Amino acid sequence: MVAAAPRVVVIGAGEGGRLARAARLAGHYGVPRLSAVDVLIRRQPLPSAGYVIDGAPQLLDRVARFGGPLPAPAFADLVVHLREAERDGTGDASRVIRYYEARGVLVGFRPDVPDAEIIVAIDAALRGRTAAQPPRWP
């Protein structure tokens, strides 16, 4: 069992699958599921006790292109990228993927992977930080 509540961003896959996955992960950890639109555009405050944010890489890319900040690595313990097989990694969304990958917080999974595999990765990321580290907005 991991003591600290996770700060996770789930991106990629189709909206329905991503929302469902984010909701299940939030339920597993007992933290709220937030929309990237609410956090990045409407500036909803982040809970200090942990959260799961769902968002499409294309949305994050648009926010960055129009001068908005991308969530910094300290904003998330892990960015879960649900990779679609038919995507080849090109285009605007790949900038967002590369951003998080370069900062060491991105982990990719097929959209049909069991939740347990993602939970193992989240728990491993949590072991790398203490509960005393608050979320930091860029």
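The coordinates are above.
It should be emphasised that the depicted structure is a prediction, and the values quoted were computed from it without experimental measurement. (Residues numbered from 1 in each chain as written. Predicted model: local features only at pLDDT ≥ 70, side-chain atom pairs only at ≥ 80, totals over all residues. Heavy atoms only, no water.)

**Student:** Would you take a moment to explain the overall build of the chain for this structure?
**Tutor:** Summing up its helical and strand segments, the chain has five helices and five strands in all. N-terminal to C-terminal, the α/β element order of the chain is β-α-β-α-β-α-β-α-β-α. Here the chain, with 138 residues, has 45% of them falling under the buried criterion. Here the contacts in the chain between residues at least 6 apart in sequence split such that 74% fall between residues at least 24 apart. (Helix = DSSP H or I, 4+ residues; strand = E, 2+ residues; numbered from the N terminus. Buried < 20%, exposed > 50% of the residue type's maximum accessible area, 1.4 Å probe, protein only. Contact = heavy atoms within 4.5 Å.)

**Student:** What am I meant to see in the pattern of salt bridges here?
**Tutor:** Side-chain pairing between opposite charges can occur once the charged atoms of the two side chains come close. Here the structure, examined in full by the defined rule, presents six salt bridges. In this structure, Asp38 engages Arg42 in a salt bridge whose closest nitrogen and oxygen atoms are separated by 2.4 Å. Among the charged side chains, a network of salt bridges with common partners joins Arg21, Arg24 and Asp115. (Salt bridge = Lys/Arg side-chain N within 4 Å of Asp/Glu carboxyl O.)

**Student:** Just to check I follow, could you spell out helix H1 (residues 15–29) for this structure?
**Tutor:** Taking 1.5 Å as the rise per residue, H1 with 15 residues should run 21 Å; its terminal C-alpha atoms sit 21 Å apart, in good agreement. For H1, the complete set of buried residues consists of Arg18, Arg21, Ala22, Leu25, Ala26 and Tyr29. On an axial view of H1, the arc spanned by its buried residues comes to 130 degrees, and they lie on one face. When the buried face of H1 is taken as reference, the exposed residues oriented beyond 90 degrees from it are Gly16 and Gly27. Where H1 is buried, its residues touch strand S1 (7–12), strand S2 (33–35), strand S3 (51–55), strand S4 (78–82) and helix H5 (115–126). Of the residues flanking the end of H1, it is Gly30, one or two places downstream, whose phi is positive at about 70 degrees. (Expected span 1.5 Å × (residues − 1). Arc of directions from axis to C-beta.)

**Student:** Quick question: what am I supposed to make of the sheet that holds strand S5 (residues 106–109) here?
**Tutor:** Pairing is parallel in the open sheet, where five strands are placed in the order S2-S3-S1-S4-S5. On the outer flanks of this sheet lie S2 and S5, each paired with one strand and no other. Pairs of neighbouring strands in the sheet enclose a mean axial angle of 25 degrees, with direction left out of account. Of the strands in this sheet, S1, S2, S3 and S4 are in contact with H1, which crosses S3 at around 180 degrees. Contacting S1, S4 and S5, H5 crosses the sheet at an angle of about 160 degrees to S4. (Pairing = 2+ DSSP bridges. Axes fitted to C-alpha atoms, helices over the stretch in contact; angles between N-to-C directions.)

**Student:** Which parts of the structure should I look at to understand H5?
**Tutor:** An α-helical turn contains 3.6 residues, so a residue and the one three or four places further along point in the same direction. Compared with the 16 Å implied by 1.5 Å per residue over 12 residues, the 16 Å span of H5 between its first and last C-alpha is a close match. Looking at the packing, one finds that the buried side of H5 touches S1, H1, S4 and S5.

**Student:** Help me out: how do you make sense of the packing of aromatic side chains in this one?
**Tutor:** The description of an aromatic ring pair uses the distance of the two centres, along with the angle that the planes make with each other. Tallied over the entire structure, the rule returns one aromatic pair. Aromatic side chains Tyr99 and Tyr100 sit 4.9 Å apart centroid to centroid with 80 degrees between the ring planes, which places their arrangement in the edge-to-face category. Summarising the burial analysis for this pair, Tyr99 and Tyr100 share the class buried. (Phe/Tyr/Trp six-rings, centres within 6.5 Å; stacked < 30°, edge-to-face > 60°.)

**Student:** How should I be thinking about unusual backbone geometry in this particular structure?
**Tutor:** Of all residues except glycine, most have a negative phi; of all peptide bonds, most are trans. With phi around 60 degrees, Arg43 is a residue other than glycine that occupies positive phi space. Turning to its location among the elements, Arg43 is positioned in the loop between helix H2 (36–41) and S3. Taking relative accessible area as the criterion, Arg43 reaches 44% and is therefore assigned partly exposed.

None of the figures reported here should be taken as evidence of function without further support.
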